[in-house]
Amino acid sequence: MEAAAVDPYTTNPGPIDGSVLYDQDKHVSAAVWDGQERGALRCHEHTSKLDQWTLTHKQVELVDKAGFGYLRSIPAISLDNPLISALVERWRRETNTFHLNVGEMTVTLKDVALLLGLAIDGEPVIGITYTACSSVCEKYLGRSPESGYTSGGMVKLSWLKEFFSRCPEDAPLEVIEQHTRAYLLYLVGSTIFSTTTGNKVPVMYLPLFENFDRCGQYAWGAAALSFLYRALGNASLKTQSTISGCLTLLQCWSYFHLNIGRPKLNLELMHDRFPFVLRWKGKQSGPTANRDVVFYRKSLDSLKPCDVEWLPYRNMDSMVIPEYIKSTLILGRSKTMLICFDKAERHLPNRCLRQYGMLQSIPDDVERWERKSRGVDGGVDLSGKMESELNEWMDRQVSIVDGDEGADESEYMEWYMRITRKFIGRPISLSSEFQRTNAGLRDIAHIADTFSTKGLDPQQIESISRIRYIAHECLRDQFGGLVMASGSPQVELGKRVRGKERVRRKGGAGKRLRKDGVVQYNAVSEDEQPQYYGTAIEVGQLHLSHIERELSHAQLCSVDNEVSVAQLIHANADGENMQLCDPHIEVDESDLGYAAGEENNEDPDDAAAEFSPEELKHRVGEEIKQELNHVPGEENIEELNAANEIHFVEPSDNMVIDNSQLCDVSPDDSTLPDAAAAEVNHSQLADSSGVINPQQSSPTDNLVNSQLSHINLESEFLSAKGAMEVSQHSSIETREDISQNGDCSVAV
């Protein structure tokens, strides 16, 4: 309890206090923590064909006048989808900030102005919506697209490029303006307002391009940031798989502020160029291969203060920044509302004061607000539906936040670590977490089982009983799950082992055993059961081949006569003893492959050579029928145990099954004759040294060290192996394979 009080994140990735991140259950981090990976997001930014537009000198003038001169100069940058996806996992739409281990950070209006060169002050980007393209395109572009190029109030970028990418030099002014409006619509539709609907752009921006001088008075930078905030918020939901918006802005913001995934460029920076995003355009020299979402996620989860550049632009040449941009940078600290038509998003610099060179104090609570989907009916002016948001934007100049010189950042971090999500990925894997939880349950069950109730009142005794019941129920449920445990590297939870029965070797695939080798099985006592997961199997017919070896001692498996039986045979790895387990198997008909073996110290090869497979099968079948008449019943088990020295076998490192485990054998000198199947109606017995009645076994027959154990195979045999199919024939490995590869285990 004390450890949990010191570090609550030992069991909880956060938030501990859900007052800020109140949408945690919808966030992608909740799904990632539960093991539901969605992979890298599909990033929609359509800048690859911007350079195929040819603009006349007059068009360039109009583009500059409209406020997009710098945006036009930004070339296409290769997007790092895994990096963007990892950043999205850290984005919280409740605060419009990235929640990192060092505190909150965000893309601010200042970043937009310096990276893209867009205006962050001016009129809000808002206007009339459209549900059809024909009329508005006819009015502002001089032609309307065919139906195949439109979708509701959107037009395909390919149509714009096809008909307007090259303007005649001697075209009249009206045609030049029409071509320029088409270019501007293509430009914003492929960069700052890119959508997830493919290569389409809404035509509602066209009326804002009608007058190029007026167009330059809009706060396009604020609109671009509002659009990006909304795109990040949508992509941060666990149900999403795509992201749009100005991803070049997002990626370059990360390059400037975080030393994660930052490319090394072969550039000689003689001087800075504006906008500053141009710094990251060049041939990358650093390695970028094998950087997936998990790589970046782990980097962000372990982010250190030294990996963060809070003031990345202070070393940039301020002389290259245009004066009209520089004079508006103060709005980067404005706590206001950003607007782009139906998208209104809060800009909260008070949560990221260190990005302005100030000490960070505990910020005010964020007012909860629901992002409403505005109506898209044709001809609707959204200005009348967003009065409160517009009023906040109008007050942007008087909403500049200031830092607190006496702020205690340690107090802020203590508060922040309680309200944030510290980890996105699990520090340890789900399977390891399962193992740890299972071990804890066993400890709880043991304590409850051995806890003395002497002197306790009835209520306390009932509580102890309740704890014992819950612990054992949880263990029982987990033992029945599709989990496989072994001393070898663990298998992930829910992962299915494919294929039929095969011999699995360490470091290699299974091969059929054509010569020597013993298939080993062992039953574990209930005291040893917690070390392995329980297994369950339903078997109609189970065929197990028993392999003949040269052994000085052999042990027999006693079979209950109440049920039909398939036998599991266990042989020690040292080759000195062979132990046959007595499984209690509820099987109607079980066929066991039988191989003739050593009887009366007879050489196995000679014994096998005396009979053909057909004769051997017939002879063995007759002997089995005779001997089964003398198999002791369940009531004689204790007497048999008393008559024979019982050796309990310790589970080997490679045992992967709870109650019937497959052990490893590497015989030094053993041979394998061809196996012959023996069919028995009710119960069958496979023995390495011939068919011998367990009651007849004696030291003179070298039959010692017999082991009798019962396994309920129907209820426990296969859970540890998942949903594996049981083959009717064993796959067996050669003696050479076994000797070369050491231990092996047979997986059924």
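None of the values given here were measured: they were computed from a predicted structure. (Residues numbered from 1 in each chain as written. Predicted model: local features only at pLDDT ≥ 70, side-chain atom pairs only at ≥ 80, totals over all residues. Heavy atoms only, no water.)

Trainee: Tell me about empty space enclosed by the protein, and name the residues and values.
Mentor: What the rule picks out here adds up to 7 cavities of 30 Å³ or more. One number sums up the size of the largest cavity: a volume of about 80 Å³. Lining the largest cavity, in full, are Glu45, Thr47, Leu71, Ile74, Pro75, Ala76, Ile77, Leu116, Thr191, Cys246 and Thr248. Looking at side-chain class alone, the lining of the largest cavity contains 7 nonpolar, 3 polar and 1 charged residues. (1 Å grid on protein atoms, 1.4 Å probe; cavity = no way out; pocket = protein on both sides within 12 Å on 5 of 7 lines; lining within 4 Å. Points joined across faces, edges and corners; volume = space filled by probe spheres on them. Nonpolar A, V, L, I, M, F, W, Y, C, P; charged D, E, K, R; others polar.)

Trainee: Go over the side chain of Glu104 with me, naming the residues and quoting the values.
Mentor: In this fold, Glu104 is placed in strand S4 (residues 103-105). Classification of Glu104 as buried rests on a relative accessible area of 1%. At 2.8 Å, the side chain of Glu104 and the side chain of Arg351 are in polar contact. Discounting chain neighbours no more than four positions away, the residues touching Glu104 are Thr95, Thr97, Phe98, His99, Trp310, Arg351, Cys352, Arg354, Gln355, Tyr412 and Tyr416. (Helix = DSSP H or I, 4+ residues; strand = E, 2+ residues; numbered from the N terminus. Buried < 20%, exposed > 50% of the residue type's maximum accessible area, 1.4 Å probe, protein only. Polar contact = N/O pair within 3.5 Å; in protein donor to acceptor, adjacent residues only side chain to side chain. Contact = heavy atoms within 4.5 Å.)

Trainee: An account of the packing of aromatic side chains is needed here, citing residue identities and associated values.
Mentor: For any pair of aromatic rings, geometry is given as the distance between the ring centres together with the angle between the planes. In total, this model carries 24 aromatic pairs according to the counting rule given. Considering the side-chain rings of Phe98 and Trp253, the 5.2 Å spacing of their centres and the 25 degrees angle between planes classify their relative orientation as stacked. With Phe98 in strand S3 (residues 97-100) and Trp253 in helix H12 (residues 247-257), the pair connects residues that are 155 residues apart, well separated along the chain. Take Trp253: its relative accessible area is 0%, and that puts it in the buried class. Here the aromatic cluster, defined as three or more aromatic residues joined through ring pairs, consists of Phe68, Phe193, Tyr205, Phe209, Tyr218, Trp220, Phe227 and Phe341. The ring of Phe163 carries Arg143 above its face, with NZ or CZ at 4.0 Å from the centroid. Its end group placed over the ring of Tyr22, Arg368 keeps NZ or CZ at 4.0 Å from the ring centre. (Phe/Tyr/Trp six-rings, centres within 6.5 Å; stacked < 30°, edge-to-face > 60°. Lys NZ or Arg CZ within 6 Å of the ring centre and 35° of its normal.)

Trainee: Help me get a handle on helix H6 (residues 109-116), residues and values and all.
Mentor: Within H6, 7 of the 8 residues are buried, leaving the element largely enclosed by the surrounding structure. Taken as a whole, H6 has its buried residues at Leu109, Asp111, Val112, Ala113, Leu114, Leu115 and Leu116.

Trainee: Explain the confidence of the model for the protein chain residue by residue, including any values.
Mentor: Scored by pLDDT, the protein chain has a mean of 72; 58% of the residues are at 70 or more. Confidence drops under pLDDT 50 across residues 480-611; counting only partners more than four residues distant or on other chains, this segment forms 452 contacts. (pLDDT = per-residue confidence, 0-100.)

Trainee: A description of the nonpolar core should follow, citing residues and the corresponding values.
Mentor: Within soluble globular proteins, side chains that are nonpolar generally end up buried alongside one another. Counting 115 residues, the largest nonpolar core has Phe68, Leu160, Ile192, Tyr205, Phe209, Trp220 and Ile243 as the members making the most contacts within it. The element best represented in this core is helix H11 (residues 220-235), accounting for 11 residues. Excluding its chain neighbours within four sequence positions, the residues that come into contact with Ile192 are Phe68, Leu71, Leu116, Leu118, Ala224, Phe227, Gly245 and Cys246. Val20, Leu21, Tyr416 and Ile419 belong to the second largest nonpolar core, which has 6 residues in total. (Core = buried A, V, L, I, M, F, W, Y, C linked by side-chain atoms within 4.5 Å.)

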